[in-house]
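Secondary and tertiary structure notes
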Amino acid sequence: MTDLEKQLLDALEQAEQMLADAANNADVEACRIQFIGRKGVLPALMKKMGDVAPEDRPAAGKTLNRVKQGITQALESREAELRSVVADDEAIDVTLPGRRRTIGSIHPVARVMDDAVAIFRRMGFVVADGPDLETVHNNFDALNTPADHPSRDVQDTFYLEDGRLLRTQTSPVQIRVMESQPPPVRIVCPGRCYRRDTPDATHSMNFHQIEGLYVDRNVSLADLKGVLSEFARELMGPDVKVRFRPHFFPFTEPSIEYDFSCIMCEGKGCSVCKNSGWLEISGAGMVDPNVFRNVGYDPEVWTGYAFGMGIERIAMIRHAINDIRLLYENDVRFLAQF
Ligand code: PHE
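Description of the structure in this document. Bear in mind the structure is a predicted one, so any value in this text is a computation, not a measurement. (Residues numbered from 1 in each chain as written. Predicted model: local features only at pLDDT ≥ 70, side-chain atom pairs only at ≥ 80, totals over all residues. Heavy atoms only, no water.)

**Things to note about the packing of aromatic side chains**
According to the stated counting rule, one finds twelve aromatic pairs in the structure shown. Judged by centre distance (5.2 Å) and plane angle (45°), the rings of tyrosine 214 and tyrosine 305 are tilted. With tyrosine 214 in strand β5 (residues 206-216) and tyrosine 305 in strand β9 (residues 303-310), this pair connects stretches of sequence that are 91 residues apart. On the accessibility criterion, tyrosine 214 (18% relative accessible area) is buried. Ring plane angle 20° and centroid distance 5.7 Å describe the contact between phenylalanine 244 and tyrosine 258, whose orientation is recorded as stacked. (Phe/Tyr/Trp six-rings, centres within 6.5 Å; stacked < 30°, edge-to-face > 60°. Helix = DSSP H or I, 4+ residues; strand = E, 2+ residues; numbered from the N terminus. Buried < 20%, exposed > 50% of the residue type's maximum accessible area, 1.4 Å probe, protein only.)

Take a look at the structure:
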């Protein structure tokens, strides 16, 4: 092999190395100029062909062509490679639909809860808290619930093996608060409750209540009615009517249930209110003297009222939701409406 051929093959190797290192089009262009440009390496070597002995010339000529072709091809393929990298990075398909940012919303149950707490706090109630796992004492005994009351049945209440239970109502928080502080008391307690119900359009094993308890001297049923009526107006609007009906709870005497006039039909009767014009909201009443005795309050001195209402019911009425299960399925198409 002649010197010239060696130099040609070296040049090819160098050019290939330079292209492998090329990061962009400018690097490729620099390589082209250095090797096959007018004043480049190859034209200079070509000029040396005349010095090669005639018998070596055919071989040297072949090598020259091979090297020239090799460099040209290497330049082209590196250029194409770089082009495709850039294209991948910069390509924007303007026909693709945009990426939607989904914005979360407050769950309707949480919203009613927040609103109810805000209204009662404005009236001077303080938020109290209690655990979901309760004792039989707090959930039933201290609330004056007779030993044979049906709500204690395992068919209605979830019991743990250790004898505790999942609270069936927020009323045990009344006991917790009264056992831990002297009167007067003015609390609301929002929270989860559990009952062993078969789920259907109006029943869920897990639901929410907000409890209220007011204890002071000379508290009357009229105070209770006033607070619940004002609450109704603030929550549902000024036109809502409130109706009180006699009822029974072990821990209040007298006991009442209270209804809102149906906001869907304004009392005329529709499917939401089952044509009655009224929607059942809450149980309430004057704290039974036995409950005061159980927590060590003197019933001769202290009087009070208590109420507890189902939050899901209010959310359903507010948004005309006809199945409580929708509130727990977490279907975003449903939740995004609120
Ligand atoms: N705890 C009762 C229930 O779950 C509601 C209630 C609360 C009634 C307070 C009277 C007083 O049905």
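**Focus on the pairing of β9**
Regular strands place their side chains on alternate faces of the sheet. Most of β9 sits inside the fold, with seven of its eight residues counted as buried. Here β5 runs beside β9; their pairing, made up of eight bridges, is antiparallel. When the sheet's bridge partners are listed, glycine 212 is paired in β9 with phenylalanine 307. With five bridges joining them, strand β8 (residues 278-287) and β9 adopt antiparallel strand pairing. Within the sheet, the bridge partner assigned to glycine 283 lies in β9 and is glycine 308. (Pairing = 2+ DSSP bridges.)

**Things to note about the packing of helix α1 (residues 3-21) against helix α2 (residues 25-36)**
Where α1 meets α2, the closest approach of the two axes is 9 Å, and the angle between their N-to-C directions is 165°. Taken together, the axes of α1 and α2 lie roughly antiparallel to each other. By crossing handedness, the relation of α1 to α2 is classed as right-handed. Seen from α1, the contacting residues are Ala11, Gln14, Ala15, Met18, Leu19 and Asp21; seen from α2, they are Asp27, Val28, Ala30, Cys31, Gln34 and Phe35. Split into classes, the residues belonging to the contact of α1 with α2 amount to eight nonpolar, two polar and two charged. (Axes fitted to C-alpha atoms, helices over the stretch in contact; angles between N-to-C directions. Parallel < 35°, antiparallel > 145°, perpendicular 65-115°, else oblique. Left-handed = near helix turned anticlockwise from the far one by under 90°. Contact = heavy atoms within 4.5 Å. Nonpolar A, V, L, I, M, F, W, Y, C, P; charged D, E, K, R; others polar.)

**What about helix α5 (residues 108-122)?**
Working note: α-helix, 3.6 residues per turn, so residues spaced by three or four point in the same direction. With 15 residues, α5 extends 21 Å from end C-alpha to end C-alpha; this agrees with the ideal 21 Å at 1.5 Å per step. Directly after α5, the chain includes glycine 124, whose backbone phi takes a positive value near 105°. (Expected span 1.5 Å × (residues − 1).)

**Thoughts on the site of the ligand**
For the ligand, the set of nearby residues contains 14 residues, the closest of which are Gln169, Ser171, Arg195, Gln209 and Gly308. Interatomic distance of 2.9 Å between a side-chain N/O atom of serine 171 and a nitrogen atom of the ligand. In the complex, the protein chains occlude 90% of the 320 Å² of accessible area that the ligand would expose alone. Per element, the largest residue contribution to the shell around the ligand is three residues, and it comes from β9. Here the residues of the shell around the ligand sort into five nonpolar, seven polar and two charged. (Near = heavy atom within 4 Å. Polar contact = N/O pair within 3.5 Å; in protein donor to acceptor, adjacent residues only side chain to side chain. Areas by Shrake-Rupley, 256 points an atom, 1.4 Å probe, with all protein chains shown as cover.)

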